[in-house]
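# Secondary and tertiary structure notes
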Amino acid sequence: MTILVRLLEMLLEGFNYLVLVYFLSLNFFYLLTTILAFFALRRYARRMEAVDLQSLIAKAGVPPVTLFAPAYNEEATCVESIKALLALNYPEYEVLVINDGSKDSTMEQLTQAFDLKPAARYKVADIAAAKVRSIYQSDFHPNLWVIDKENGGKADALNVAINYCRTPLFCAMDADSILERDALIRIVRPFLEDASTVAAGGIIRIVNDCTLVGGTLTDIRLPKNLWAKFQVLEYLRAFLSGRMGWSALNATLIISGAFGMFKRSAVVAVGGYAHDTVGEDMELVVKLHRYHLERKLPYKISYVPDPVAWTECPESTKILGRQRDRWQRGLFEVLARHRVMLFNPRYGRIGMFAFPYFYFLEMLGPAIEMPGYVAFLIAIIWGSVSYTYMLAFFVVAIVFGIALSLFSVALEELTFRRYPRTRDLFQLFFLAIIENFGYRQLTIYWRMHGFISALRKVQGWGIMERKGFKTTTGASAK
Amino acid sequence: MTSENFLQYLEDIWGWVQNRGEQLFSHFEKLPRLEMALQVLILTIVFLLILTLIIAMGVVLLRIKNNVIAKRYSRLEQSWEGQIMDFLSADGVELTPVEVRKADRLFFVQYLYRFASRLRGHELQIIKDLARPHLPMVARKLQSGYPELRARNINILATLGFPEFIDPIIEALNEDAPIVKMAAARILADRNYPEHIGLIMPVLSSFDEWSMNFLASMLAGMGPEIAYRLREELQNPEGSVRVRIASAEALRRMGDLAAPDIAVQVLEFGQDPELSASCLKILRDMGTPRHRPLLLGLVASPVEVIRIHAMSALGSVGSIKDSNTLRQGLDDPSAWVALQAVRSMGQLNAIELLEDIARSDHPRVAIARQVLAERNHL
């Protein structure tokens with residue numbers, strides 16, 4: 001019995017050390033990416049001062065682009081989103097909406113709003129995808145096409161769009177997202193400045209409770225819903241600190257499915273989006289890295305912090321939980337599929353640095369952190385760890401988290417300043433504190449749930465509910 | 001303070017730091033492990049709390065500073081705008097310098113720069129005259145350590161001080177930073193100064209990361225007077241392939257009628273596929289029926305990109321007799337070649353043949369339907 005108790009004690013102590021190593025490593029990476037992001041953003045801001053966007057549009061020979069907007073049951077937002085897409089400031093582009101077998105009135109709404117007529121369009125690639133029912137073109141906007149297809153999921157819809165894409169670049173986004181007017185010219189810039197660029201990602205911001213007039217955001221504010229507010233802070237951390245920092249290391253591993261620009265031929269070469277994962281956006285980026293590194297081809301994948309896609313975020317714990325569960329499953333599936341890259345010097349800094357970070361700290365993180373809470377509790381009850389020590393450790397974790405969140409707010413204030421209300425700024429401060437008491441633990445729980453679902457090979461996206469954009473005009477698309 | 005005193009002072013400080021450090025370490029050494037960890041944690045908490053407070057205060061101060069600057073600049077802009085609009089709207093009024101505080105000079109020039117981008121001719125000249133007294137200050141800032149700022153200042157000098165400040169812009173062509181070099185090249189690539197081509201061409205090969213469209217667009221913007229130089233580059237078998245492609249693309253954009261003959265020569269040597277594709281695009285846009293025999297040979301090229309552009313050029317310069325050759329393209333393994341072949345049939349007005357294909361059970365029947373629809377025959 002004594003041996004068993006001693007063994008349990010040792011296990012508990014060992015696990016506590018594991019949690020400590022995890023905590024230190026995770027925060028080391030957070031700190032590193034935040035510091036790198038600070039310098040990269042300052043450099044980027046200076047660079048943007050040297051670039052005249054209008055001159056780029058007028059004289060730089062920007063390549064034609066196709067926008068992919070996959071839509072599944074998007075009746076609440078699709079018309080408004082597509083109106084915004086048709087008003088973008090870019091010389092030559094097509095909008096390809098893919099109705100992925102919606103069960104609601106998405107197709108009817110689109111047909112009515114844009115006067116869609118059946119049209120012929122030939123496939124130029126042959127990536128396997130579900131059957132296309134019909135193709136339509138708008139009478140009022142000849143650059144708007146709608147492909148009505150059988151349901152096959154987002155990746156399938158995107159693959160259909162790739163098959164019908166005729167431009168050298170395409171922009172993948174969500175049908176419920178709003179792109180800022182200059183977003184395309186900003187995101188295409190890396191492709192002009194470096195011909196080896198194969199993909200570039202933009203920033204995602206939260207649109208809940210912002211006001212939209214004629215497809216343009218006129219009043220930007222923090223959402224009223226507390227869960228949505230937390231997500232604003234999370235997105236600032238993820239995009240301004242995280243992705244910017246990884247991009248500075250030239251190790252971008254994620255481009256959000258809600259807004260990314262890709263070189264069509266490179267995506268076709270890697271076989272398009274994977275159907276069998278819910279993390280198809282990350283999978284594509286990892287695959288692009290792998291393809292180019294294995295063949296020693298020059299390539300670049302960038303993150304650009306100012307082309308913005310505004311998107312609606314979940315406002316209920318039920319939907320938010322499903323989203324986080326799905327993200328964690330996606331991460332698991334992608335990293336497990338490409339685990340050959342882990343600590344493999346053949347894949348350079350991706351294999352030796354970025355991949356291990358995502359593998360051990362992001363993918364396995366919840367499986368360490370969640371039981372970590374329990375183990376610490378047991379350790380305290382058991383008496384093997386001092387209560388004061390534990391408390392001090394948690395305070396360090398919380399204050400460090402607050403400092404990182406505030407630093408992201410500082411980065412926003414230093415660069416883009418999208419939340420002009422002083423009240424919003426103080427709310428972000430407040431959120432940085434209170435998110436540590438409940439919200440963070442909930443996200444860990446959802447991610448843990450996603451981790452277990454991935455182990456059990458659960459499939460599917462789950463249902464997302466949209467409340468639609470806050471608009472001040474009911475003008476038709478015509 | 002003499003340098004010896006200063007060194008002594010530094011040594012004292014260092015001694016104090018060492019002393020404190022030793023005290024701290026000896027303090028921790030005496031502690032049991034857990035207590036030591038606890039004290040480290042408490043020190044970390046204190047440090048992080050101070051850091052957090054500093055960040056929070058920094059953000060608030062930054063917000064206040066940004067608001068104050070924004071208000072001040074908005075006030076300044078309003079006052080400048082009034083004066084500038086007076087100058088622009090009144091004919092023959094003598095231009096008096098706008099009063100600008102020393103600290104606001106760069107902002108004033110940046111404001112004029114933004115203003116200038118919307119103006120042309122006489123109005124632009126007024127803006128340039130207003131900026132002139134401040135431009136030497138901008139030229140001095142070309143020594144700035146940040147390449148992005150140097151590029152911005154190059155743009156300002158180009159818009160408001162061209163051609164007076166041409167020398168620093170030419171010097172910038174020899175910069176190491178690509179963004180500065182490119183800013184200078186884009187400015188020098190001016191339609192009114194074709195002689196600058198002699199400065200640009202030698203550095204063009206160093207822009208090997210920039211997109212070809214970007215380079216071609218820049219060269220084409222210089223107008224037909226530089227065509228002779230581009231032809232030389234295109235013809236030069238020893239030249240850089242990227243420069244030759246950029247030259248070919250620029251000649252095509254200019255609609256240079258002498259380019260097709262050079263394109264034919266390049267195609268006969270058939271070196272780089274991308275260069276061949278650019279030459280075929282020249283033939284597509286400016287070729288004549290006498291180029292048909294060459295194109296008929298190239299539609300069967302083993303290289304996909306050459307087949308695509310040969311089909312495309314044949315659609316422009318060929319005749320209805322070539323429809324059957326193009327029809328074979330429908331069976332090409334590449335979907336892009338097939339699409340181009342059928343489009344070229346459409347261009348040659350081979351409607352009957354297209355309708356036959358559209359009615360057939362060919363696996364690529366949709367292309368014919370698409371092309372017929374594009375040409376309003378469906």
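The structure presented is a predicted model; accordingly, all values stated were derived computationally and were not measured.

Analysis parameters
Residues numbered from 1 in each chain as written. Chains lettered and ligands numbered in written order. Predicted model: local features only at pLDDT ≥ 70, side-chain atom pairs only at ≥ 80, totals over all residues. Heavy atoms only, no water. Helix = DSSP H or I, 4+ residues; strand = E, 2+ residues; numbered from the N terminus. Rg over C-alpha atoms; globule rule 2.2 N^0.38 Å. Contact = heavy atoms within 4.5 Å. Areas by Shrake-Rupley, 256 points an atom, 1.4 Å probe, with all protein chains shown as cover. Lys, Arg positive; Asp, Glu negative; His and termini not counted. Charge placed at Lys NZ, Arg CZ, Asp CG, Glu CD. Buried < 20%, exposed > 50% of the residue type's maximum accessible area, 1.4 Å probe, protein only. Pairing = 2+ DSSP bridges. Right-handed = clockwise from strand over helix to strand, strands pointing away. Buried area = accessible area lost by both parts, 1.4 Å probe. Salt bridge = Lys/Arg side-chain N within 4 Å of Asp/Glu carboxyl O. Polar contact = N/O pair within 3.5 Å; in protein donor to acceptor, adjacent residues only side chain to side chain. Core = buried A, V, L, I, M, F, W, Y, C linked by side-chain atoms within 4.5 Å. Domains from an automatic or database assignment. Patch = residues over 30% accessible without salt bridge, like charges linked within 9 Å, V, L, I, M, F, W, Y side chains within 5 Å. pLDDT = per-residue confidence, 0-100. Axes fitted to C-alpha atoms, helices over the stretch in contact; angles between N-to-C directions. Parallel < 35°, antiparallel > 145°, perpendicular 65-115°, else oblique. Left-handed = near helix turned anticlockwise from the far one by under 90°. Nonpolar A, V, L, I, M, F, W, Y, C, P; charged D, E, K, R; others polar.

### Section: the overall build of chain A
The number of helices and strands found in chain A is 15 helices and 13 strands. For 478 residues, the compact-globule estimate of 2.2 N^0.38 gives 23 Å, and the C-alpha radius of gyration of chain A, at 23 Å, lies within 12% of that figure. For the C-alpha atoms alone, the extent of chain A along its principal axes is close to 80 × 50 × 45 Å. Intrachain contacts of chain A at a sequence separation of at least 6 include 81% that bridge at least 24 residues. Carbon and sulfur atoms form 60% of the exposed surface of chain A, whose accessible area is close to 18500 Å².

### Quick notes on the overall build of chain B
The number of helices and strands found in chain B is 20 helices and zero strands. The C-alpha atoms of chain B give 33 Å as radius of gyration, which overshoots the globular expectation for 378 residues (21 Å, by more than 25%). Over its C-alpha atoms, taken along the principal directions, chain B stretches across nearly 95 × 80 × 45 Å. Within chain B, counting contacts between residues at least 6 apart in sequence, those at least 24 apart form 64% of the total. A total of about 20000 Å² of accessible surface is found on chain B, and carbon and sulfur atoms cover 55% of it. Each charge class in chain B was averaged separately, 41 positive and 45 negative side chains, and the resulting centres sit 5 Å apart.

### Description of the pairing of strand β1 (residues 65-71) of chain A
Here is the key point about a regular strand: its side chains alternate between the two faces of the sheet. Residue and element names in this part refer to chain A. Most of β1 is tucked away: seven of the seven residues are buried. Of the two faces of β1, both are covered, the one formed by Val65, Leu67, Ala69 and Ala71 as well as the one formed by Thr66, Phe68 and Pro70. Bridging between β1 and strand β2 (residues 93-100) involves seven bridges; their strand directions are parallel. Directly across from Pro70, in β2, lies its bridge partner Ile98. Regarding topology, helix α3 (residues 78-86) serves as the crossover connection from β1 to the parallel β2, and that connection is right-handed.

### What to know about the interface of chain B and chain A
The partner chain A presents 53 residues to the 45 residues of chain B that form the contact. Sorting the residues of chain B by area buried against chain A places Arg63(B), Glu148(B) and Trp336(B) first, and these three jointly supply 16% of that buried surface. Taken together, the connections running from chain B to chain A amount to three salt bridges. Connecting chain B to chain A are 10 residue pairs in polar contact (both at pLDDT 80 or more). Taken together, the elements giving at least two residues each to the side of chain B that touches chain A come down to α2 (33-89), α3 (105-116), α6 (147-161), α8 (178-188), α10 (212-220), α18 (335-347) and α20 (365-374) of chain B.

### Details of the environment of Val19(A)
Residue and element names in this part refer to chain A. Position of Val19 among the secondary structure elements: in helix α1 (residues 2-49). Since its relative accessible area comes to 8%, Val19 is described here as buried. Between the alpha carbons of Val19 and Leu335 there is a distance of 21 Å; along the sequence they are 316 residues apart. The contacts of Val19, once residues within four sequence positions are left out, are Ile368, Gly372 and Phe376.

### Focus on helix α5 (residues 154-164) of chain A
Taken across its 11 residues, α5(A) has 11 buried, putting it largely inside the fold. Taken together, the buried positions of α5(A) are Lys154(A), Ala155(A), Asp156(A), Ala157(A), Leu158(A), Asn159(A), Val160(A), Ala161(A), Ile162(A), Asn163(A) and Tyr164(A).

### Focus: the nonpolar core
Core analysis: the largest hydrophobic core is formed by 206 residues, its most contacted members being Leu67(A), Leu184(A), Leu160(B) and Leu204(B). A total of nine residues in this core trace back to one element, the largest contributor, which is helix α7 (residues 226-248) of chain A. There are two domains that each give this core at least three residues, and those are domain 1 (107-188) and domain 2 (306-378) of chain B. Ignoring anything within four residues of it in the chain, the contact list for Leu160(B) reads Val109(B), Leu112(B), Tyr113(B), Ala116(B), Ile127(B), Lys128(B), Ala131(B) and Leu135(B).

### Concerning a nonpolar patch on the surface
All names here are of chain A. Together, Leu4, Val5, Leu7, Leu8, Leu11, Val374, Ile378 and Trp382 make up an exposed nonpolar region whose accessible area comes to about 720 Å². Elements with a contribution of two residues or more to the nonpolar patch: α1 and α12 (365-382). The element contributing the most residues to the nonpolar patch is α1, with five residues.

### What to know about the confidence of the model for chain A
In regions of low pLDDT, the predicted coordinates are not meant to be interpreted in detail. Averaged over every residue, the pLDDT of chain A is 89; the share at 70 or more is 93%. Note that residues 473-478 of chain A has pLDDT below 50 and, in this model, 11 contacts with residues that lie over four places away or in other chains.

### Describing the packing of helix α13 (residues 387-414) of chain A against helix α14 (residues 422-434) of chain A
Residue and element names in this part refer to chain A. The interhelical angle for the contact between α13 and α14, taken along N-to-C directions, is 160°, at an axis separation of 8 Å. One way to sum up the angle between α13 and α14 is to call them roughly antiparallel. Seen along the crossing, α13 lies across α14 with a hand that is right-handed. On α14, the residues touching Ile402, Ser405, Leu406, Val409 and Glu413 of α13 are Leu425, Leu428, Phe429, Ala432 and Ile433. Across the contact of α13 with α14, the residue classes break down as eight nonpolar, one polar and one charged.

### Here we look at the environment of Tyr347(A)
Residue and element names in this part refer to chain A. Within the secondary structure, Tyr347 sits in the loop between α10 (317-337) and α11 (348-363). You can call Tyr347 buried: its relative accessible area is 1%. Taking the C-alpha atoms as reference, Tyr347 lies 6.0 Å from Leu293; in sequence the two are 54 residues apart. Not counting residues within four places of it along the chain, the set of residues in contact with Tyr347 comprises Arg290, Leu293, Glu294, Val340 and Met341.

### Focus: the domain arrangement of chain B
Structurally, chain B comprises domain 1 (107-188) and domain 2 (306-378). Relative to domain 2 of chain B, the C-alpha centre of domain 1 of chain B lies at a distance of 50 Å.

### Side note on the pattern of salt bridges
Pairs may arise between side chains of opposite charge once their charged atoms sit close together. Within the structure shown, the criterion is met by 47 salt bridges over all chains. Glu164(B) is paired through a salt bridge with Arg132(B); the nearest N and O atoms lie 3.3 Å apart. In this pair, Glu164(B) sits in the loop between α6 and α7 (166-172) while Arg132(B) sits in the loop between α4 (121-131) and α5 (135-140), placing the two residues 32 residues apart along the sequence. Looking at Arg132(B), the relative accessible area reads 37%, which means it is partly exposed. The closest approach of N and O atoms between Asp285(B) and Arg284(B), which form a salt bridge, is 2.9 Å. Looking at Arg284(B), the relative accessible area reads 25%, which means it is partly exposed. Where salt bridges share partners, they join Glu94(A), Arg121(A), Arg166(A), Arg343(B) and Glu374(B) into one cluster.

### What about the packing of α7(A) against α10(A)?
When two helices pack together, their arrangement is given by the angle between their axes and by how far apart the axes lie. All names here are of chain A. In the contact formed by α7 and α10, the axes pass within 11 Å of each other and the chain directions differ by 30°. Between α7 and α10, the crossing angle belongs to the class labelled roughly parallel. With respect to the hand of their crossing, α7 and α10 are arranged in left-handed fashion. Touching Trp227, Gln231, Glu234 and Tyr235 of α7 are Thr317, Leu320, Gln323, Arg324 and Trp327, all from α10. Across the contact of α7 with α10, the residue classes tally to four nonpolar, three polar and two charged.

### Here we look at unusual backbone geometry
With an omega of 10°, the peptide bond between Phe162(B) and Pro163(B) qualifies as cis. Within the fold, Pro163(B) resides in the loop between α6 and α7. Positive phi outside glycine occurs at Asp115(A), with the angle close to 50°. Looking at where Asp115(A) falls in the secondary structure, it is placed in the loop between α4 (106-114) and β3 (116-118).

### Focus: the confidence of the model for chain B
With 95% of its residues at a pLDDT of 70 or more, chain B shows a mean pLDDT of 87. Helix α1 (residues 3-30) of chain B is the least confidently modelled element of chain B, averaging 77 in pLDDT, while helix α14 (residues 273-286) of chain B averages 95, the highest of any element.

### Quick notes on the environment of Val409(A)
Locating Val409(A) in the fold gives a position in helix α13. When residues no more than four places from it in sequence are discounted, the contact partners of Val409(A) are Leu233(A), Leu425(A), Leu428(A), Phe429(A) and Val59(B).

### Focus on the sheet that holds strand β4 (residues 132-138) of chain A
Residues and elements named next belong to chain A. The sheet built from 10 strands is open, its strands ordered β3-β4-β5-β2-β1-β6-β11-β8-β12-β7 with mixed pairing. Looking at which strands have only one partner, the edges of the open sheet turn out to be β3 and β7 (178-179). Pairing geometry for β2 and strand β5 (residues 144-149), over six bridges, is parallel. Looking at the pairing, Ile98 lines up with Ile147 of β5.

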